[in-house]
Amino acid sequence: MILACSLGLQVAYAHVEERYQLPSLDTPVSVRVYPEVSLYTNLRVRKNAVNLTSKEKAAFVHALNTLKNTYRKGSSISIYDEFVSLHVGLMEFMSAKINIAHAMPAFLPWHREYLLRLEQALQTIDPSVTVPYWDWTDAKALDVILREDFLGSKGQGIIVKIPGVGNFEGGFVQTGAMANWVLNENLHIEPIHQSSLGTHLLRFVKIPPFDRYPIPQEKIAALKKVDNYEIFRALLEGDTSIDKSGNLVPDWTLHNYAHGIIGGAKVKYLNILPFRDHQIQILGTMNSILSSPYDPIFWLNHSNVDRLWAEWQDDGHTGANFYPKNQAPRVPLGNNLNDPMWPWDGNVSRQNNFIPQGILSLLPKLAADDVVTPADVLDFRQLGYTYDTTLHKN
Ligand SMILES: [Cu+2]
């Protein structure tokens with residue numbers, strides 16, 4: 001199936017890059033503020049995936065599968081697919097033609113809210129469930145996640161030939177808890193050619209150039225040293241790095257790279273960065289930025305992103321002074337501290353016709369008073385959860 005789309009998704013990215021510039025590395029930052037965390041009790045704890053008991057893994061998988069097979073009254077797609085549709089819909093509802101949730105300051109708060117809502121939906125099935133995180137620096141984490149008793153397995157049945165490097169196998173996830181998932185082909189999109197990735201979960205694990213795993217601990221240490229929120233976001237999302245001379249340079253690392261480790265892409269040049277600029281075909285579900293929540297590993301990846309932000313916040317970057325406020329037009333609407341973020345924006349965002357009507361009709365209708373701004377989600381403990389790495393502060 002080909003998505004009939006007059007404007008390419010690449011056009012949307014071009015907008016993003018024209019309109020938003022990171023501040024310079026020497027921008028002054030506020031004095032550090034540490035959280036007063038003793039106020040919170042009974043927080044749900046998100047754990048490292050490698051430390052889950054078999055019972056905890058089974059509970060998480062059971063809750064995911066239940067959402068995948070449960071339909072709200074009047075909806076043609078399951079509750080899980082509705083979550084996916086919101087991520088796909090980001091491309092459509094961009095205030096001021098900006099995709100707020102990627103390569104933008106709202107990336108972290110938007111995904112914090114998104115993850116929380118998925119977690120709350122899982123907890124309606126099983127209140128003990130929290131979203132575990134994938135620590136990218138842990139060599140064994142990937143194997144644990146891809147085992148059949150958890151979110152396994154690797155894809156099978158399609159050989160990717162990389163001249164001069166070798167042949168690699170990926171393809172359909174044929175065994176494990178997600179083997180029977182049927183994906184909605186309109187929500188499962190290869191973004192470069194705007195074709196459908198079909199109805200089956202696709203993985204291409206550790207195929208070059210996304211074969212460098214684990215991610216070095218030093219990368220996380222360097223990230224944590226940055227005090228400016230906007231630069232911290234760019235480094236953590238992984239569209240930017242700091243090079244040896246201390247300059248900000250385009251890259252494809254950390255969170256973005258983790259998407260590639262599971263999803264894979266064909267690239268023009270294996271060793272030239274950023275990979276994003278010369279990806280010529282996205283192979284698997286997880287590396288399609290729009291459709292990636294269809295692969296449940298998405299939630300573990302974003303739990304890790306959110307954990308690293310939470311740790312950074314605890315490390316003296318607590319509160320609203322560490323988030324851009326009233327910086328429009330430099331920081332586009334939808335990204336400032338008190339800007340509502342689509343789809344939790346009281347239905348005010350404009351449509352941009354990047355995505356066919358067929359997808360629009362799948363989006364869940366949200367209440368006009370269901371409004372969330374970055375300010376609403378800065379304090380993660382107030383949202384009712386913490387991480388096993390931020391526990392000592394509670
Ligand atoms: Cu992501």
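1. Looking at the overall build of the protein chain
Okay, so step 1: Within the protein chain, the secondary structure is distributed over 12 helices and 11 strands.
Okay, so step 2: By residue count, 57% of the 394 residues in the protein chain fall in the buried class.
Okay, so step 3: Within the protein chain, residue pairs in contact and separated by at least 24 positions form 73% of the contacts whose partners lie at least 6 positions apart.
Okay, so step 4: For the protein chain, the computed accessible surface area is about 16,100 Å², with 53% contributed by carbon and sulfur atoms.

2. A few points about the coordination of the copper ion
Okay, so step 1: Coordination of the copper ion by the protein is provided by His-255 (NE2), His-259 (NE2) and His-302 (NE2), with metal-donor distances spanning 1.9 to 2.1 Å.
Okay, so step 2: Sequence positions of the residues that donate to the copper ion give the spacing H-x3-H-x42-H. Note that His-259 is positioned in helix H8 (residues 254-263) and His-302 in helix H10 (residues 297-314), a separation of 43 residues in sequence.
Okay, so step 3: Residue class for His-259 comes out buried when judged on its relative accessible area of 6%.
Okay, so step 4: For His-302, a relative accessible area of 3% corresponds to the buried category.

3. Quick look at the pattern of salt bridges
Okay, so step 1: Inspection of every chain in the model, using the stated rule, returns 19 salt bridges.
Okay, so step 2: The salt bridge involving Lys-47 is made with Glu-56; its shortest N-O contact spans 2.4 Å.
Okay, so step 3: We classify Glu-56 as partly exposed; its relative accessible area is 26%.
Okay, so step 4: Connected through salt bridges with shared partners, the residues Arg-46, Arg-112, Glu-119 and Asp-306 form a single ionic network.

4. Focus: the confidence of the model for the protein chain
Okay, so step 1: Across the protein chain, pLDDT averages 89, with 90% of residues at or above 70.
Okay, so step 2: Counted against residues more than four places away or in other chains, residues 1-18, with its pLDDT under 50, gives 40 contacts.

5. Description of the packing of aromatic side chains
Okay, so step 1: Taken as a whole and assessed by the stated rule, the structure comprises 20 aromatic pairs.
Okay, so step 2: Centre to centre, the rings of Phe-380 and Tyr-385 are 5.9 Å apart; their planes meet at 40°, and the pair counts as tilted.
Okay, so step 3: According to the relative accessible area criterion, Phe-380 is buried, its value standing at 2%.
Okay, so step 4: Given the relative accessible area of 0%, Tyr-385 is considered buried.
Okay, so step 5: One aromatic cluster in this structure is built from Tyr-80, Phe-83, Trp-110, Tyr-114, Trp-181, Phe-298, Trp-299 and Trp-344.

6. Focus: the packing of helix H4 (residues 107-125) against helix H7 (residues 229-237)
Okay, so step 1: Running from N to C, H4 and H7 point in directions that differ by 65°, and their axes come no closer than 10 Å. Contact residues: Phe-107, Leu-108 and Pro-109 in H4; Tyr-229, Phe-232, Arg-233, Leu-236 and Glu-237 in H7.
Okay, so step 2: Among the residues forming the contact of H4 with H7, the class breakdown is six nonpolar, no polar and two charged.

7. Considerations on the side chain of Gln-123
Okay, so step 1: With respect to the helices, strands and loops of the structure, Gln-123 is situated in helix H4.
Okay, so step 2: The exposure class assigned to Gln-123 is buried, which follows from its relative accessible area of 13%.
Okay, so step 3: Here Val-129 takes part through its backbone oxygen, which lies 2.8 Å from a polar atom of the side chain of Gln-123.

8. Some points on the side chain of Lys-57
Okay, so step 1: Within the secondary structure, Lys-57 is located in helix H2 (residues 54-68).
Okay, so step 2: For Lys-57, a relative accessible area of 7% translates into the label buried.
Okay, so step 3: Setting aside residues no more than four positions away along its own chain, Lys-57 makes contact with Leu-52, Val-144, Asp-149 and Phe-150.

9. Thoughts on H7
Okay, so step 1: Taken across its nine residues, H7 has nine buried, putting it largely inside the fold.
Okay, so step 2: Buried within H7 are the following residues: Tyr-229, Glu-230, Ile-231, Phe-232, Arg-233, Ala-234, Leu-235, Leu-236 and Glu-237.
Okay, so step 3: Looking at the buried side of H7, the elements it contacts are H4, helix H6 (217-224), strand E7 (240-242), strand E8 (248-250), H8 and H10.
Okay, so step 4: Sitting at the amino-terminal end of H7 is Asn-228, which places a side-chain oxygen 2.8 Å from the backbone nitrogen of Glu-230.

10. Looking at the sheet that holds strand E6 (residues 202-203)
Okay, so step 1: Read from one edge to the other, the open sheet built from three strands follows the order E2-E3-E6, with strand pairing classed as antiparallel. Each edge of the sheet is formed by a strand with only one pairing partner; in this case those strands are strand E2 (156-162) and E6.
Okay, so step 2: Direction of pairing for E2 relative to strand E3 (residues 166-172): antiparallel, over a ladder of seven bridges. Residue pairing in the sheet places Gln-156 in a bridge with Phe-172 of E3.

11. Some remarks on the environment of Ala-310
Okay, so step 1: Within the element layout of this structure, Ala-310 appears in helix H10.
Okay, so step 2: Between the C-alpha atom of Ala-310 and that of Tyr-387, which follows or precedes it by 77 residues, the distance is 8.3 Å.
Okay, so step 3: Non-local contacts of Ala-310, meaning those with residues more than four positions away in its chain, are made with Arg-112, Phe-380, Tyr-387 and Thr-390.

12. Points about the nonpolar core
Okay, so step 1: With 97 residues, the main nonpolar core has Trp-134, Trp-136 and Leu-151 as its most contacted residues.
Okay, so step 2: The residues contacting Trp-136, other than those within four sequence positions of it, are Tyr-213, Pro-214, Ile-215, Ile-220, Leu-236, Leu-254, His-255, Ala-258, Asn-301, Asn-304, Val-305 and Leu-308.
Okay, so step 3: Counting residues in hydrophobic clusters, the runner-up holds seven residues, among them Ile-162, Leu-202, Phe-204 and Leu-283.

13. Quick look at helix H3 (residues 79-89)
Spacing of three or four residues puts side chains on the same side of an α-helix, whose turn is 3.6 residues.
Okay, so step 1: H3 sits mainly inside the fold: 11 of its 11 residues count as buried.
Okay, so step 2: Those residues of H3 that sit buried are Ile-79, Tyr-80, Asp-81, Glu-82, Phe-83, Val-84, Ser-85, Leu-86, His-87, Val-88 and Gly-89.

Rules used in this analysis
Residues numbered from 1 in each chain as written. Predicted model: local features only at pLDDT ≥ 70, side-chain atom pairs only at ≥ 80, totals over all residues. Heavy atoms only, no water. Helix = DSSP H or I, 4+ residues; strand = E, 2+ residues; numbered from the N terminus. Buried < 20%, exposed > 50% of the residue type's maximum accessible area, 1.4 Å probe, protein only. Contact = heavy atoms within 4.5 Å. Areas by Shrake-Rupley, 256 points an atom, 1.4 Å probe, with all protein chains shown as cover. Donors = N, O, S within 2.8 Å, 3.2 Å for Na, K, Ca; no water. Salt bridge = Lys/Arg side-chain N within 4 Å of Asp/Glu carboxyl O. pLDDT = per-residue confidence, 0-100. Phe/Tyr/Trp six-rings, centres within 6.5 Å; stacked < 30°, edge-to-face > 60°. Axes fitted to C-alpha atoms, helices over the stretch in contact; angles between N-to-C directions. Nonpolar A, V, L, I, M, F, W, Y, C, P; charged D, E, K, R; others polar. Polar contact = N/O pair within 3.5 Å; in protein donor to acceptor, adjacent residues only side chain to side chain. Pairing = 2+ DSSP bridges. Core = buried A, V, L, I, M, F, W, Y, C linked by side-chain atoms within 4.5 Å.

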